[in-house]
Amino acid sequence: MERQWVKLKVNGKERQLFIKPNELLLNVLRDELGLMGAKYGCGLGECAACTVLVNGQPMLACLILAVTMEGQEITTVEGMGDYDRLHPLQQSFLDHGAVQCGFCTPGMLLTAQALLAENPDPSEEEIRDYLRGNLCRCTGYAAIVRAVKEVKHPA
Amino acid sequence: MATDTRVLAAEFQYLEAHSLDEALAWLGQYGTRARVLAGGTDLLVKMKTGQVQPEYIIYIKKVAGLDYIQADEAGLRIGATTTLRKLEGCAAVKTGYSALYEAVRSMAATAIRNMGTIGGNLGNASPAADTAPPLLVYGATLKLASQAGTRLVPVEEFFLGPGKTCLAPEELLTEISLPPQGSESGSSFLKLGRVAADIAKINVAVSLQRSGRNCTACRIAFGSVAPTPIRVPEAEALLAGQEITEDLIETAAQAGAAAIKPISDNRSTREYRLKVSRVMLAEALRAAWQRAGGVL
Amino acid sequence: MDFQVIGKVLPRKDGIAKVCGQETYPSDVVVPHMLYGVTLRSPYPHAEILRVDTSAAEAMGAVCVTPDDVPEVIYNERTVSIPEKTYCDRRVLPRRARHVGEAIVAVAAETEEIAFKAMQAIKVEYKVLPPVLDLERAMAPGAPALYEEIYLGDQKIAVENNVACERIITVGDPEGAFARADYIVEREYELPRVYHHQMETKTAVCRPEPNGGITVWATTQTIHNVRQLLGRIFSLPLSKVNVKKLAIGGSFGSSIQMNSIIPICVALALKAKRPVKMATSREDDVYDHTKFPARIRLKVGVKKDGTIVAADMRALVDIGAHQINSYPLLGCMAGWYASLYKWGDFRYEGRAVYTNKVPACAMQGYGNPQVNFAVESHMDLIATECGFDPVKFRLKNYVGVGDEFWGQGPTVKSIIKSCGVEEMLQKGAEMIGWGQRRPPREKTGRYRRGIGMARGFHTSGTGGPKPGEVIDYSSATIKINEDGTVDVMTPVMDLGGGTGEAAVKVAAEVLKVPYERVELSRVDTKTTGYDVCTHATRGVYCGCGAVYHVAQQVKQKLFEYAGRILEENPGDLELAYAAEKGVTIIHAKGFKQKQITIGEVARLAQIYSWGTIAATDSLRQKNCPPCFVAHFVEVEVDTWTGIVRVPRAILLSDSGTPINPDMVAGQLIGSLSRGLGYALYEETEYDLESGKLKCNGFITDNKIPTVCEMPRLADIQVYFAHTYEPTGPFGAKGIGEAALNSVASALNNAIYNAIGIRFYRTPITPERVLAALEGGDRDGN
Ligand SMILES: Cc1cc2nc3c(=O)[nH]c(=O)nc-3n(C[C@H](O)[C@H](O)[C@H](O)COP(=O)(O)OP(=O)(O)OC[C@H]3O[C@@H](n4cnc5c(N)ncnc54)[C@H](O)[C@@H]3O)c2cc1C
Ligand code: FES
Ligand code: FES
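Residues numbered from 1 in each chain as written. Chains lettered and ligands numbered in written order. Predicted model: local features only at pLDDT ≥ 70, side-chain atom pairs only at ≥ 80, totals over all residues. Heavy atoms only, no water.

1. As for the overall build of chain A
Stated formally: Helix numbers and strand numbers start at the N terminus; a helix is a DSSP run of H or I with at least 4 residues, a strand a run of E with at least 2. The globule rule used for comparison is 2.2 Å times the number of residues to the exponent 0.38, while the radius of gyration itself is calculated over C-alpha atoms. Exposed residues in this analysis have more than 50% of their type's maximum accessible area, buried residues have under 20%, and partly exposed residues fall in between, with area computed by a 1.4 Å probe over protein chains only. Should any heavy atoms of two residues lie within 4.5 Å, those residues are considered in contact. Using a 1.4 Å probe, the Shrake-Rupley method yields the accessible areas, and only the shown protein chains count as cover for residues. None of His or the chain ends enter the tally, which takes Lys and Arg as positive and Asp and Glu as negative. Every charge is mapped to an atom, namely NZ of Lys, CZ of Arg, CG of Asp or CD of Glu.
Scanning chain A from N- to C-terminus turns up 5 helices and 5 strands. Its helices and strands taken in sequence order, chain A reads β-β-α-β-β-β-α-α-α-α from the N to the C terminus. For a compact globule of 155 residues, the expected C-alpha radius of gyration is about 15 Å, and chain A comes in at 16 Å, within 12% of that figure. In terms of overall dimensions, chain A has C-alpha extents of about 50 × 35 × 25 Å along its principal axes. Expressed as a percentage of its 155 residues, the buried residues of chain A come to 68%. Sequence-distant contacts, at least 24 apart, represent 53% of the contacts inside chain A between residues at least 6 apart. For chain A, the exposed area adds up to about 5400 Å²; of that, 44% sits on carbon and sulfur atoms. Distance from the positive charge centre (15 side chains) to the negative charge centre (19 side chains) of chain A: 4 Å.

2. Considering the domain arrangement of chain A
Residue and element names in this part refer to chain A. What counts here: Delimitation of the domains relies on an automatic or database domain assignment. What gets called buried area is simply the loss in accessible area from a 1.4 Å probe that two parts show on being joined, summed for both. The rule for a salt bridge is simple: a side-chain nitrogen of Lys or Arg has to be within 4 Å of a carboxyl oxygen of Asp or Glu.
Looking at chain A, the domain boundaries give domain 1 (4–78) and domain 2 (88–149). Centre-to-centre separation of domain 1 and domain 2, based on C-alpha positions: 21 Å. The partner domain 2 presents 14 residues to the 16 residues of domain 1 that form the contact. Here domain 1 packs against domain 2, burying approximately 1100 Å² in sum over the two surfaces, 67% of which is carbon and sulfur. For the domain 1 face of the interface with domain 2, the top three residues by lost area are K39, L53 and V77, together amounting to 37%. Linking domain 1 with domain 2 are 0 salt bridges, by the criterion used here.

3. Notes on the interface of chain A and chain B
Let me state the cut-off plainly: Here a polar contact is taken to be a pair of N or O atoms separated by no more than 3.5 Å, where protein atoms must pair a possible hydrogen donor with a possible acceptor and residues adjacent in sequence count only if both atoms sit in side chains. Gly counts as polar in this scheme, as do all residues outside two lists: the nonpolar Ala, Val, Leu, Ile, Met, Phe, Trp, Tyr, Cys and Pro, and the charged Asp, Glu, Lys and Arg.
Taken together, the contact between chain A and chain B spans 28 residues of the former and 34 residues of the latter. Summed over both partners, the interface of chain A with chain B comes to about 2600 Å²; 58% of that surface belongs to carbon and sulfur atoms. Where chain A packs against chain B, one counts 2 salt bridges. A salt bridge links R85(B) to E118(A); the nearest nitrogen and oxygen atoms lie 3.0 Å apart. Seen at the junction of chain A and chain B, the total is 18 residue pairs in polar contact (both at pLDDT 80 or more). Contributing elements (two or more residues each) for the side of chain A that touches chain B: β4 (57–60) and α4 (124–130) of chain A. Looking at which element gives the most residues to the side of chain A that touches chain B, the answer is β4(A), with 4 residues. Within the side of chain A that touches chain B, the residues separate by chemical class into 15 nonpolar, 9 polar and 4 charged.

4. Things to note about the sheet that holds strand β18 (residues 308–320) of chain C
Within a beta sheet, neighbouring strands are joined by backbone hydrogen bonds and run either parallel or antiparallel to one another. Residues and elements named next belong to chain C. Here is the rule: Two strands qualify as a pair provided that DSSP identifies no fewer than 2 bridges between them. Orientation is described by axes fitted as lines to C-alpha atoms, over the contacting stretch for helices, and by angles from 0 to 180 degrees between their N-to-C directions.
Taken together, 5 strands build an open sheet; the order of strands is β10-β19-β18-β17-β11 and the sheet is mixed. The open sheet is flanked by β10 (163–171) and β11 (183–191), the only strands paired with a single partner. Between one strand and the next, the sheet's axes are offset by a mean angle of 5°, whatever the strand orientation. The pairing of β10 with strand β19 (residues 345–354) spans 8 bridges and is antiparallel. Opposite V163, over in β19, you have V353 as the bridge partner.

5. What to know about the side chain of S187(B)
Residues and elements named next belong to chain B. Relative to the assigned elements, S187 resides in strand β11 (residues 185–192). S187 gets classed as buried once you look at its relative accessible area, which sits at 3%. There is a polar contact of 3.1 Å between the side chain of S187 and the backbone nitrogen of A99. A distance of 2.6 Å separates polar atoms of two side chains, one belonging to S187 and the other to Y138.

6. Topic: the interface of chain C and chain A
Between chain C and chain A, the residue contacts involve 54 residues of the former and 45 residues of the latter. Carbon and sulfur atoms make up 59% of the area that chain C and chain A hide from each other, which totals about 4200 Å². Of all residues in chain C, V19(C), M199(C) and L713(C) give up the largest surface area on contact with chain A, accounting jointly for 20% of the area buried on that side. The interface formed by chain C and chain A holds 6 salt bridges in total.

7. Considerations on the sheet that holds strand β27 (residues 573–578) of chain C
Residue and element names in this part refer to chain C. Ordered by their spatial adjacency, 3 strands build an open sheet running β27-β28-β29, and the pairing between neighbours is antiparallel. This sheet does not close on itself; its edge strands, each paired only once, are β27 and β29 (591–597). Across the sheet, the mean angle from the axis of one strand to that of its neighbour is 40°, orientation sign disregarded. Bridge analysis of strand β28 (residues 583–588) against β29 gives 4 bridges, and the strand direction is antiparallel. Across the sheet, residue I585 finds its bridge partner in β29, namely T597. Across the face of the sheet, helix α14 (residues 539–566) comes into contact with β27, β28 and β29 while running at roughly 100° to β27.

8. Some details on the environment of G670(C)
Position of G670(C) relative to the elements: it lies in helix α16 (residues 661–681). Classification of G670(C) as buried rests on a relative accessible area of 0%. On a C-alpha basis, the gap between G670(C) and N225(C) in space is 27 Å, while along the polypeptide they are 445 residues apart. Setting aside chain neighbours within four positions, we find G670(C) in contact with C138(A), T139(A) and G140(A).

9. Comments concerning unusual backbone geometry
Residues and elements named next belong to chain C. Look at the link from T762 to P763: it is a cis peptide, with omega at -5°. Even without glycine at this site, S235 takes up a positive phi of about 50°. With a relative accessible area of 64%, S235 lands in the exposed category.

10. Some points on helix α9 (residues 326–338) of chain C
So the rule is basically this: Expected span of a helix: the number of residues minus one, times 1.5 Å.
Its 13 residues give α9(C) an end-to-end C-alpha distance of 18 Å, which sits within 8% of 18 Å, the value for a rise of 1.5 Å per residue. Of all 13 residues that make up α9(C), 13 are buried, and the element is covered over most of its length.

11. Things to note about the pattern of salt bridges
Residue and element names in this part refer to chain C. Taken as a whole and assessed by the stated rule, the structure comprises 93 salt bridges over all chains. R274 serves as the salt-bridge partner of E110, at 2.8 Å between the closest nitrogen and oxygen. In this pair, E110 is assigned in the loop between β6 (103–109) and α3 (112–121) and R274 in the loop between α7 (261–272) and β15 (276–279), connecting sequence segments 164 residues apart. The partly exposed category is assigned to E110, whose relative accessible area is 46%.

12. Observations concerning the environment of Q57(A)
As for its placement among the helices and strands, Q57(A) is situated in strand β4. On the accessibility criterion, Q57(A) (28% relative accessible area) is partly exposed. Distance from Q57(A) to N134(A), taken between C-alpha atoms, is 14 Å for residues 77 residues apart in sequence. Look past the residues within four positions of Q57(A) in its chain and what remains in contact with it is V52(A), E118(A), R85(B) and N114(B).

Below, the structure is given as C-alpha cells:
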C-alpha cells in the first residue's frame, strides 16, 4: 500500500505525515506524533477512550482513517491545557475526584469540553446524555458529572 | 484472535472524491470491489472484524453538495453525507419530523453521531438501523445516482436483507426526501437497548394523520424484528379511518406484535421482543396521536 | 481525632499528569528499537497442538515463539499462597489448548500490522479433542479430562473428574443443629462469568539487557510477584530482572496474577534480542480472564426468635482452563460466608472445577460478591418467610466487635476490634425511610418501586498473628531530602483508588510535613522491598501500614540528629508543623523556643557528613480487620418491559478513619456502577457448541453501565460510620473491595420488594424479569 502525504493541524500546530491509507488516526497520533493522551479501549467505537476533537467535535480516533483528516484541526487532551495552565475542566476533574485510574479521563475531558462549547451551562441530564458513550469502569461517573456541572468558567 | 481491533490490517486503495462525478466514476469503474466510506462507523467496524474487505475505498465526505438539509413546502431533503448530529440539531427535523428526531437522538452517543451519516445508516442496512423505521413511516424516497443517471426508490423497496440493499454496485445514495407533514399529523419513535448507548433490541416508529377524532392514515414500522426494518400493514389497517380510542390502540398494538417474526440474538430473545413490541407500539401510537393534536 | 492531612480532601499526586494525558500507562511505554508482538490464539476449546509451521511468518521478517521454544517450567500465574499450597498447571505456551483464545504461538515484527499479518500466516495443525463446557458434565464420570495431572508445589498430583481443588470445613455439629431449627430454608444461587472490563487492555513491554537480564513494564497489581515468577520461569537471577511500577488503566483483579502475556513477551524479547511490546486487543483481553462464577447452594436453620443455629453452603466454581488462584478462593469463600453471621454449627464445601473456558481469576471481592449475593438474598428470604424484619434479623445475628473473624479463610483468624454495622444499618434505614416500606402485595400498576438492603464486608489485607497459607507483608523506603522535603518509595500499586495519596498522607502525617512537600518516587523491583500485591483491600491497611512503620523510624532518626544539634535527648523532642511559617520543626517537649526545622536538620546532617536521614523496612500486619459496608437501595421495575431502574442508592461504609474521604466515596460510587452491572446487565455467555464467547470478545455485546444507568447525583448518598481501627495506620482500614460486595444483593432484595419475585441468578435482565412476571413465578428463574 502506498504512503501518502497528509497535512493537518494537531493541537494548533501544522503537521505533515507520510502514512498508509489504512493507518488509524489513533495510532498515528500515538505512534507517529507521540501524543499518548488518546487511548485504545476497544477499537470499535464502544468506549470513547480514543476521543479526539475534530474541528471541535468529539470523534473516535479508532474508527478514523488518518488520511481522511487532510486539512482538519485535531485536538487531543494534550492540547487542552498544560500542567501549569490547566483548562478549567481539568482543574474541576481534579477538584471533584473525577479521576481514578484516569484511563477514560482524556476522552471524558474532550467530550465535556465540546459540550460546554455548545452549552455553557448544561443540566445534569444534558451532561449524562452527552457523555453516555464514554465508558468509565472506576468512578461510577458521579464525580465526573459533578466536575462538568460545577466547572468554574474562566472569568 | 482472528481479529485485531487495534489496527486496520486490511489493505486497499484510498480514493478521495471531491465531486459527485468523481465518486460515481470510481464506483462505475470498480463496482463491487469498492466500498463507499462516509463516517466509517459501520464500515471500519466491519473491516476490522473481517466482515468486508474492499479493494478500493471511496471517501465521500468531501464530496461537495452531499451534506445539506433543506426544508420547504415540498418537505425535507437530506443530503446523504449529513451527519446524525446535524440532523439532530436541525429545527425543521425536531419540530416537523419527531420520529426521525427521536431516532437520531437515540443513536449511539455524541462522537458516533458526529461521525455517522444518514446515508451510512441506510447503506449499512442493519435490521436495527434507527433511521429506517422513521423513514418508512414518512414514506421517504431515496435518490440513487450512477453515471447512467439517477433513479428514485421508495425507502420500502431499498432494504433487501441484513446488509443488503437495492443499490447497484455502481450506485450511490445521494439524497433522502421526506414529504411535508400536515398540521394534523404526528409521529413518534421508541427504542429499547440494553443500556443508554446501544443498538436497538427493538425499535418502532409511527406516523399518522388526524381528522377530528379519527385517524385518516397511519404507518407503523418496526426495526430489529425481521431481516429488514418492516412495516406492519396489519396494524395500520386497523387504525386508518377509525376513531382513536385506548381500546383501538391496544388492539392495533396487539396486531402489530402478532405480525412480527423476531429471532433471539446477543441483544435479546424472540419471546421478549414479541412481548415488548406490543407495549412499545401502543406507547408510540399514543405519542403520535397526541402530537397530531388528538385526545384520548 | 485531629489530623493535619489524614481525612482531608487533597489533589491526587498523579492527578495533573492524568488530566493532561501525560501519565504513562503500560500501553504508552515506548522503548527505542522495539518490536511489536501479537499472539496466535486457539480457535478450539480443546485441542492438541501437533505441529506449528512458522516459516511463512519468518519469511515476512517476524520472530516466532512456539510451545517448543518456551521453558518447561509449570507454574501458577498467581503466587500469593505459600508454594506447598500452590496448584500449578500451565506453561508459557501450552502444547494443548484448553480454551478458545488461549495463546499458542507468539510473533514479533517491526509493526503491529506486520506482526498481525505474520501471525495469520502461521499454520497450526491441531488434533481437536472433545471439550467440557458445562460444570456438571465436567464432573460426571467419563467426561473428557482437561488434565491428567498437575502439580501441588513440587508434587505431582492426579486430577479426578476435572476437580481442580476442594475445601471442606465443618464447625460443630450442623446435622444436629438443623434438627433443632424451627425453620429450614434452602435455595440455589447462580452467579455467572463476568468480564472485568478494566479500561486498559493488558500490556507488556520487555527489554533484554546487555547483562543477560530483562527490564519489564507491564500491567500488573504486583511488580514483585511478576519479577519472582519471571526469574523462576526463565532461570534468571532476580538481580537481573527488573519490573517497573507504572500507572494502570483499571484492574479490578484482572492483573492480580502475572498476566499470561508477560512471560510470552519475555520469551519473544529474549529470542529476538530486541525489546518487544505486546498490547492486547480488547478481544484478546476478553478471552484472557473472567470473574469467578459460582453456583451456591445454601441451607440455613433458624429458631422462631430469629436466632440462626445452623448453615450449610455448597459452592461450585467453574474456573475454566487454568487455576489462577482457585484454592485460596475456596478458602476465602468459606471465610466470607463464615464471617457474615454467627451461623452456630455450620458446614462449607467448596469445589473448583476445570472446564474448557477462559480461566477465571479474582475480580473485586474475590468470591465475596458471589457469596454475599447468596447469603444476603437468603437472609431476606428467611426474613420474608419467617416474618422477621430484614434489618433486625441481621442485627441479631451479625459478626461484630469481639467476635472471631475469618477474613481470608480458615487460616487467617483474628478478633474484630472496630465495627460500624449497627450504626450503618440504623442510619441506612433512617435515610431510605425503611419504616415506610410496604410489602410487594400492596404494589400495583405498571411501575413498581421497592426498597431493599444488604450488608457486607471485606478484609483489609490478609495479615494475621501468625503466618498462614497466604503471604502478606509490605515494604517502604522513606528519605528526608536535604531541604526537608520527603521522598516515599513504595512498591504498592495504585490501581486508581488513591493508595498513592494515602501513602503520602501517612508519611506526611507522621512527619508533620505538608502534603505538597512529600512526593512518591517512580520505583521498580530493584529499588523497593517486597510487597505481595495490591489485592485483598490491603493497599491502605498493609501498604500504608508499612509506610507508617518506616516513617516512625525516620522520625527517630530525625530526633537523633536534631538532638545532637539542639543538645537534647532525642526522647525529649517533638515534631510539630508551624503552619504560620509553613515549616516542620523539631522542638524540645514543652519548650517550643528551642527548635529547629527538619530542613535545617537534614542540611546540617549533610554538612557534618552524618549521612542521609532515611529508612527502609517491611511490615506484616498482625490483623486483617473487616471493613464493613451496607447498601440501601430503591428500584423501579417497569412491569411491562421488565426494565429495572435505580432511582436512589444509599452507600454506607465503615473503613475506619477515611484517609482519603473523596476516594472512599469514589470507591463506593464506582462499586455501585459495577454492582449494577453485576446485578442487571453483565454475563459473558458461551456458545456451547463451539466453545466461543457469544460476544466474540467484542464489548459491543458485553455491555457495562453507562452514566445514564446511574442514579442522579442528589440520589446517591454516602455515609461513613464513625469508627477507629486500633491496629490500622491512623485508625484506617480498607474499602476497595468491600464497596462492591453487597450491591447486587441489595438490588435483588429491592426488586423482590417491588414485584414480589426473588431472583436466584444474575444478571436480572429485562428478559428474565418479564418472563418471571408473565410466568407468575414467585421465585424468579
Ligand atoms: C458504537 C456504535 C454505536 C452505534 N449505535 C447505533 C445506533 O444506536 N443505531 C443505529 O442505527 N446505528 C448505530 N451504529 C451504526 C452506525 O453508527 C450508523 O449506522 C451510522 O449512521 C453509519 O453511518 P456512517 O456514515 O458512519 O457509515 P459508513 O460506515 O461510512 O458506511 C456504512 C455503509 O454504508 C455505505 N454507504 C455510506 N454512505 C453511502 C452512500 N451515500 N451511498 C451508498 N452507500 C453508502 C458504506 O459503503 C457502508 O457499507 C453504531 C455504531 C457504533 C460503532
Ligand atoms: S477505542 Fe475508540 S471507542 Fe473504544
Ligand atoms: S477513571 Fe478508570 S476508567 Fe474512568
